[in-house]
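# Observations on chain architecture
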Amino acid sequence: MVATETSGVRGRRRSFDVDEAVETAMRLFHARGYDAVGVAELGTELGIKPPSFYAAFGSKAGLFERALRRYAAGEANIFARAQAEGGSMAEVIERTLLLAARLYPERDGVAGCLVLDGARNSADPVACALAETMRKAGVAAIRDFIATEQPERADALADFIAITMKGMSAAARDGMGEDALTVVARMAGRAFRRELAAEG
C-alpha cells in the first residue's frame, strides 16, 4: 500500500510505502521496545512528517498494532508453523519450542519475541493491552489444540508452554544463543510429554 505526503515545496506530493513503514517500525519496536521509540524518530526513519504519520496510522499505538499483526502473521507464528507440519500433540508442542529456540536469539540487533516483549516495562496502557491481547490469542490457540485430547488439563499445560516461551524470549534478549535455548526447548518438550502421561 502506498500513501502520499504533501511536501512544503510547491505542494509536491511524495509517496511512501505503508507496508514498508510497518516493517521498519516493527524492527524498531522489536529491537528497543515500545516506549524507547518516539514518534519523531519513527517519522524520521519512515521518511514522513507528523501529519502523514497520523493520517496513515492514527497514533503510535496504531502503528504498534499494525506491527504486532505483521509480526504475528509471519515466521514468528511458530505454533501455526509447527501445527502445519503435523504429528502428535507432543511433537507439535516440542516443534514449537524448538522453533522458538531458533527464532529468538539475537539477529541484526533484534532478539526475543515482539508479542511477548515489545511492550515490556511500558508505561502506555494501550500498548500493553495490544500486546497482551495478542499474547492471549496465542496462548488460547495452544490451549484449544491441547484441549482436543486433554480438555481438563489444557489450561495448565498451555500456561506451562507459554511461560516457557516467555522465559526463552527473555533469555534470548539477555544473550542466550540458539544452542542453549535448544537444550531448554528439548527439556521442556520432555517435561510436556511426562505431563501428558501423568494422571493429572
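Residues numbered from 1 in each chain as written. Predicted model: local features only at pLDDT ≥ 70, side-chain atom pairs only at ≥ 80, totals over all residues. Heavy atoms only, no water.

### What about the side chain of Thr-96?
Relative to the helices and strands, Thr-96 is located in helix α6 (residues 89-103). A relative accessible area of 0% places Thr-96 in the buried class. Apart from the residues lying within four places of it in its own chain, the contact partners of Thr-96 are Ile-78, Phe-79, Ala-82 and Met-165. (Helix = DSSP H or I, 4+ residues; strand = E, 2+ residues; numbered from the N terminus. Buried < 20%, exposed > 50% of the residue type's maximum accessible area, 1.4 Å probe, protein only. Contact = heavy atoms within 4.5 Å.)

### Focus: helix α3 (residues 50-57)
By the burial criterion, the buried members of α3 are Ser-52, Phe-53 and Phe-57. Axial view of α3: buried residues confined to an arc of 105°, hence all on one face. Those residues of α3 that are exposed and aimed more than 90 degrees away from the buried face are Pro-51 and Ala-55. Looking one or two places after α3, you find Gly-58, whose phi comes out positive at around 85°. (Arc of directions from axis to C-beta.)

### So, unusual backbone geometry
Positioned with a positive phi, Asp-108 is a non-glycine residue whose angle comes to about 55°. Using a relative accessible area of 80% as the deciding quantity, one classes Asp-108 as exposed.

### Some words on α6
Taking 1.5 Å per residue, 15 residues should reach 21 Å; α6 reaches 21 Å between its end C-alpha atoms and fits that length. In terms of burial, α6 is largely enclosed, as 13 of its 15 residues are buried. (Expected span 1.5 Å × (residues − 1).)

### A few points about the UniProt feature "DNA-binding region" (unreviewed entry) in the protein
Feature annotation in UniProt assigns "DNA-binding region" (unreviewed entry) to the following positions: residues 38-57. Note that residues 38-57 is 80% helix and 0% strand, and that its end C-alpha atoms are spaced 14 Å apart. (UniProt positions renumbered as here; feature names shortened; annotations may be inferred.)

### Some remarks on the pattern of salt bridges
A side chain of one charge can pair with a side chain of the opposite charge if their charged atoms are brought near each other. A complete count under the given rule lists 14 salt bridges for this structure. A salt bridge links Glu-75 to Arg-107, with the nearest nitrogen and oxygen atoms 3.4 Å apart. Pair noted here: Glu-75 is in the loop between α4 (60-73) and α5 (78-84) and Arg-107 is in the loop between α6 and α7 (114-117), with a separation of 32 residues, a long-range link. Several salt bridges share partner residues, and in doing so they unite Glu-23, Arg-27 and Arg-70 into one network. (Salt bridge = Lys/Arg side-chain N within 4 Å of Asp/Glu carboxyl O.)

### Remarks on the domain arrangement of the protein
If you check the domain split of the protein, you get domain 1 (18-71) and domain 2 (76-199). Taking the mean C-alpha position of each, domain 1 and domain 2 sit 26 Å from one another. Between domain 1 and domain 2 lies a buried interface of about 1500 Å² when both sides are counted; carbon and sulfur atoms form 68% of it. Where domain 1 touches domain 2, the interface holds 7 residue pairs in polar contact (both at pLDDT 80 or more). Broken down by secondary-structure element, the contributors of at least two residues to the side of domain 1 that touches domain 2 are α1 (18-32) and α4. Residue composition of the side of domain 1 that touches domain 2, grouped by class: 9 nonpolar, 2 polar and 5 charged. (Domains from an automatic or database assignment. Buried area = accessible area lost by both parts, 1.4 Å probe. Polar contact = N/O pair within 3.5 Å; in protein donor to acceptor, adjacent residues only side chain to side chain. Nonpolar A, V, L, I, M, F, W, Y, C, P; charged D, E, K, R; others polar.)

### Here we look at the confidence of the model for the protein
The predicted coordinates of low-pLDDT regions are not to be read in fine detail. Looking at the protein, the pLDDT average stands at 90 and 92% of residues meet or exceed 70. This stretch, residues 4-14, has a pLDDT under 50; its non-local contacts, to residues over four places away or in other chains, come to 21 contacts. (pLDDT = per-residue confidence, 0-100.)

### Topic: the nonpolar core
Grouped together as the largest cluster of nonpolar side chains are 61 residues, with contacts concentrated most on Phe-29, Phe-57, Leu-63, Phe-64, Ile-93, Tyr-104 and Ile-146. Mapped onto the domain boundaries, this core takes at least three residues apiece from domain 1 (18-71) and domain 2 (76-199). Dropping the residues within four chain positions of it, Ile-93 is found in contact with Phe-79, Ile-142, Phe-145, Ile-161 and Phe-192. (Core = buried A, V, L, I, M, F, W, Y, C linked by side-chain atoms within 4.5 Å.)

### A word on the packing of α3 against α4
Look at α3 against α4: their axes get within 8 Å of each other, and the N-to-C directions meet at 55°. Relative to α4, the element α3 is oriented oblique. Helix-helix and strand crossings are classified by hand; for α3 and α4 the assignment is left-handed. Of α4, the residues touching α3 (which contributes Phe-53, Ala-56 and Phe-57) are Lys-60, Gly-62, Leu-63 and Arg-66. The residue makeup of the contact of α3 with α4, split by class, is 4 nonpolar, 1 polar and 2 charged. (Axes fitted to C-alpha atoms, helices over the stretch in contact; angles between N-to-C directions. Parallel < 35°, antiparallel > 145°, perpendicular 65-115°, else oblique. Left-handed = near helix turned anticlockwise from the far one by under 90°.)

### Some remarks on the packing of aromatic side chains
For the structure shown, the criterion picks out 6 aromatic pairs. Residues Phe-53 and Tyr-54 carry aromatic rings whose centres are separated by 5.3 Å and whose planes lie at 85° to one another, so their mutual orientation is edge-to-face. The exposure class of Tyr-54 is partly exposed, given its relative accessible area of 41%. Summarising the aromatic geometry, the rings of Phe-79 and Phe-145 are spaced 5.5 Å apart at their centres and angled 70° between planes, so their arrangement reads as edge-to-face. Taken together, the positions of Phe-79 in helix α5 and Phe-145 in helix α8 (residues 125-147) put the pair 66 residues apart, joining distant regions of the chain. A residue is classified by how much of its surface remains accessible, and Phe-145, at 17% relative accessible area, is buried. Among the aromatic residues, those joined into a ring-pair cluster are Phe-29, Tyr-34 and Phe-64. (Phe/Tyr/Trp six-rings, centres within 6.5 Å; stacked < 30°, edge-to-face > 60°.)

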